[in-house]
Amino acid sequence: MPFKSLYPYFSWRLFDSFPPQNTDFAIELISSEGHTFPQPLDFIQDEVPRNEKLKKSYSLPYRTIQRFGQARLGQDPESFQLIKKTFEINFLSRYNSGEYQLILRTWEPLEAIKTGRYLNFNVLEKYKFNNRK
Amino acid sequence: MILSLSKKIRKFMQGETRVISNNPVANMRSRFDSAKVAIKVISCFYFWLFLDDITHIISLSGKPVALSPPPIGFWMTDMGFTYTSLFIYSIYFFCATACIIRPDSRWLRVGLFLSVLNSNILKSSLSTISYDKNGWIWLAFALIFLPNNKDKQKCSEKVYQYWYLTTCWFATALTISVYTMSGMWKILSGFFYDGFVNNYTFLSSKAMSYHLASHIFRNGYNLPAAEFVIENHFLGWAMLSCAVYLQFFSFWIPFRPLLFAPWLLFLAAFHTLNLVLMNLPFNHQGFIIILLLGGLPFLVYPKNFYQLIVTMPLAGKIYSGVIDKKEHKAHSYVVRYGFKRP
C-alpha cells in the first residue's frame, strides 16, 4: 500500500486488518530495591493494573515501550537515551531503583489472552535504573 | 458540464427519497438562526478543548519529554518541547477566547485552526497519533469559510444566510468523511490487500476476536464484555460488519437529512461499544457528532419506518427493489417538512 495514513487527514487505516501473530517489544521488571522477583514481571500485565495513573493513560505505556524498542534497534543513541529516561521517570516512578529487561516477543492473540504465553521471545538488553538521583 | 455532473452526483448521494421544504424562505431563516447558535456553542467548546490540552501539557512540565512528531510538525523537534508549547498555546488561548467574542472573524478562525492542528501534532508527537480530536481540526478548517462582516455587507441577506448554511453543511460533510475513509480502507483491505498476507479482515469471522484479544493483551485491560465477544466469533463478526457499513456510508448522510437522527444514534452506539469493548474513549468525537448531526439545523425526522429504511444507503435500495418491489407509491419517497405556508 502506498501509505498507511496521511496526517492530519489520516483515518485511512484504522483497525482494518488483524494479523494472526503479533511481534512487538515488552518490558519485564527483574528486580526492585534489591529484591529479585521469582519470575520477571511484565510491565503492562502486572504493573499497569496496579497503578491508577497509568491505568488512566490508556495505550500510552504500550506505545512508549514500542518507541523504546524501536529506538534501541535504531541508529540514534541520543534519542534512545531520552526515551529510556522518559520511560524510567514517568512509568517506573513507584520504584527507587531496580533492573528491567527489554524483550522482543511473538505471540498469538487468542492464546496469549488465555495463558499469557508467547510463541517465542528474545531478551534484547537489561538495564539498571535509579530514580533517587 | 460540471454543473450537470455535480447534479448527477448529488442525486446519486441523495438516493430516492426527496426532502422538500413547505416554506423555503421561512425555513432558511429559522435554520440560519439555529446555525448561529450552534456556531456559538462550537466556538465555546474550542475554549474548553484549549483548557483540556493545556492541562495535559502542564502535567508534563519538568519531566523529560521525547518528541517524535509526524512530518508536518518537523519544526517542533528543533524548537524543543517548552518553546513549542509556549508558542502554540499562547496563540491558541488568544484565538479560542477571541472567537467566542467575535465568531465571524476569518483571521481568528484561521488562527484557531492552526492552533488546534499544532496542539494535536504536539500531543501526537508525545506517544502516538491522537485520533480523538481529529474531527475538531477539520471542523475548525471548514468554519474558516463562514462569511464574515465584510461579506455580509457585500451580498444580500438571502445570499449571506445561504452561504452561512452551506459552510455549516460543508463542515458536517468534511468532519463525517473521516468515518468513510476508515470504512473504505477496511473494505479495500478485506477485498484486495490483506487477504493475500494471511491477515484477518472484516470478511473473516475471527477478525473481531483477534482484534479485541490483541488490543486487550497489549494494553493489559480487564474488560469482561470484550472477553464475551472474543469467545463468540460470530457476534464479533456481525458487530464489525455493521461498523464497516456505518463508517463507509457516513459520507452519504449529509445528503440525506432523514438519516441525521438515526446516524447520530448509530454512531453514538458505535463509540459506546468502542469504549466498552476496547476502553477507547472518543468523548470529543462523540460531542462533535452530537453537535453537527443533532445541533445544526439540517435534521428532518422520518415520519415512518418505511421512509427510514428506504433512505438508508444500499440497504434502502435492496429493500425497495427486492423486498418491497416498489409497491409503495412514488409519493412515499417525498418528505415535506417545516413551516406551512400561511
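Please read all numbers here as calculations on a predicted model, not as lab measurements.

Regarding the overall build of chain A
Here is step 1: On a plain count of helices and strands, chain A comes out with 5 helices and 4 strands.
Here is step 2: The linear arrangement of helices and strands in chain A, starting from the amino end, is β-β-α-α-α-α-β-α-β.
Here is step 3: With the C-alpha coordinates of chain A rotated into their principal frame, the extents come out at 50 × 35 × 30 Å.
Here is step 4: The buried share among the 133 residues of chain A stands at 25%.
Here is step 5: In chain A, the proportion of contacts linking residues at least 24 apart, taken out of those at least 6 apart, comes to 55%.

Considering the nonpolar core
All names here are of chain B.
Here is step 1: Judged by nonpolar contacts, the single largest core of 55 residues is most densely connected at Leu-112, Val-116, Leu-139 and Ala-140.
Here is step 2: At the level of elements, α2 (24-59), α4 (81-101), α5 (106-124), α6 (134-142), α8 (157-193), α12 (260-278) and α13 (283-295) are the ones that each hand at least two residues to this core.
Here is step 3: Per-element tally for this core: the top contributor is α8, with 8 residues.
Here is step 4: Leave out the neighbours within four places in its chain, and Leu-139 touches Ile-42, Ala-171, Thr-175 and Ile-288.
Here is step 5: Listed in part, the 22 residues of the second largest apolar core include Met-208, Phe-217, Trp-237 and Leu-277.

Regarding the interface of chain B and chain A
Here is step 1: Across the boundary between the two partners, chain B contributes 41 residues, which contact 37 residues of chain A.
Here is step 2: Contributions of two or more residues to the side of chain B that touches chain A are made by α5, α6, α8 and α9 (207-219) of chain B.
Here is step 3: Counting residues per element, the side of chain B that touches chain A draws most heavily on α9 of chain B, which supplies 10 residues.
Here is step 4: Residue composition of the side of chain B that touches chain A, by class: 20 nonpolar, 17 polar and 4 charged.

Observations concerning unusual backbone geometry
Residues and elements named next belong to chain A.
Here is step 1: The backbone phi angle of Glu-33 is positive, close to 50 degrees, even though this residue is not glycine.
Here is step 2: Within the secondary structure layout, Glu-33 lies in the loop between β1 (22-32) and β2 (35-42).
Here is step 3: By the C-beta count within 10 Å, which is 8 here, Glu-33 ends up exposed.

Side note on α9 of chain B
Since there are 3.6 residues in each turn of an α-helix, residues three or four apart along the chain are aligned in direction.
Residues and elements named next belong to chain B.
Here is step 1: Taking 1.5 Å per residue as the helical rise, α9 with its 13 residues ought to reach 18 Å, and the 18 Å between its terminal C-alpha atoms agrees with that figure.
Here is step 2: With 13 of 13 residues buried, α9 lies mostly within the body of the structure.
Here is step 3: One or two positions beyond α9, positive phi appears at Gly-220, with a value near 70 degrees.

Let's talk about the pairing of strand β4 (residues 120-130) of chain A
Residue and element names in this part refer to chain A.
Here is step 1: Counted residue by residue, β4 has 1 buried out of 11 residues, so it is predominantly exposed.
Here is step 2: Sheet topology note: the strand β3 (residues 97-107)/β4 ladder contains 10 bridges and is antiparallel. Note on β4: the bridge partner recorded for Leu-104 is Asn-122.

Overview of the sheet that holds β4 of chain A
To summarise the sheet geometry, strands pair through backbone hydrogen bonds and adopt either a parallel or an antiparallel arrangement.
Residues and elements named next belong to chain A.
Here is step 1: Taken in spatial order, the 4 strands of this open sheet run β2-β1-β3-β4, and their pairing is antiparallel. Of all strands in the sheet, those bounded by a partner on one side alone are β2 and β4. The sheet shows a mean angle of 20 degrees between the axes of neighbouring strands, direction not considered.
Here is step 2: The strands touched by helix α3 (residues 60-73) are β1, β3 and β4; relative to β1, the strand with the most contacts, the crossing angle is about 95 degrees.

Description of the confidence of the model for chain B
Residues and elements named next belong to chain B.
Here is step 1: A residue-level look at chain B finds 92% of positions with pLDDT of 70 or above and a mean pLDDT of 86.
Here is step 2: Taken element by element, the predicted model of chain B shows its lowest mean pLDDT in strand β2 (residues 334-337) (73) and its highest in helix α11 (residues 233-248) (94).
Here is step 3: For this predicted complex, the interface confidence comes out at an ipTM of 0.89, alongside a pTM of 0.86.

Notes on the environment of Arg-105 of chain A
All names here are of chain A.
Here is step 1: Checked against the element boundaries, Arg-105 lands in strand β3.
Here is step 2: Given 18 C-beta atoms within 10 Å, Arg-105 falls into the partly exposed group.
Here is step 3: What Arg-105 contacts, discounting residues up to four positions off in sequence, is Asp-24, Ala-26, Tyr-118 and Phe-121.

Examining the packing of α11 of chain B against α12 of chain B
All names here are of chain B.
Here is step 1: Where α11 meets α12, the closest approach of the two axes is 11 Å, and the angle between their N-to-C directions is 135 degrees. One way to sum up the angle between α11 and α12 is to call them oblique. Taken as a pair, α11 and α12 cross one another with a handedness that is left-handed. For the pair α11 and α12, contact is made by Met-239, Ala-243 and Leu-246 and by Phe-266, Leu-267, Phe-270 and Leu-273, respectively.

Criteria and thresholds
Residues numbered from 1 in each chain as written. Chains lettered and ligands numbered in written order. Predicted model: local features only at pLDDT ≥ 70, side-chain atom pairs only at ≥ 80, totals over all residues. Helix = DSSP H or I, 4+ residues; strand = E, 2+ residues; numbered from the N terminus. Buried ≥ 20, exposed ≤ 12 C-beta atoms within 10 Å, placed from the backbone. Contact = placed C-beta atoms within 7 Å. Core = buried A, V, L, I, M, F, W, Y, C linked by C-beta atoms within 7 Å. Nonpolar A, V, L, I, M, F, W, Y, C, P; charged D, E, K, R; others polar. Expected span 1.5 Å × (residues − 1). Pairing = 2+ DSSP bridges. Axes fitted to C-alpha atoms, helices over the stretch in contact; angles between N-to-C directions. pLDDT = per-residue confidence, 0-100. Parallel < 35°, antiparallel > 145°, perpendicular 65-115°, else oblique. Left-handed = near helix turned anticlockwise from the far one by under 90°.

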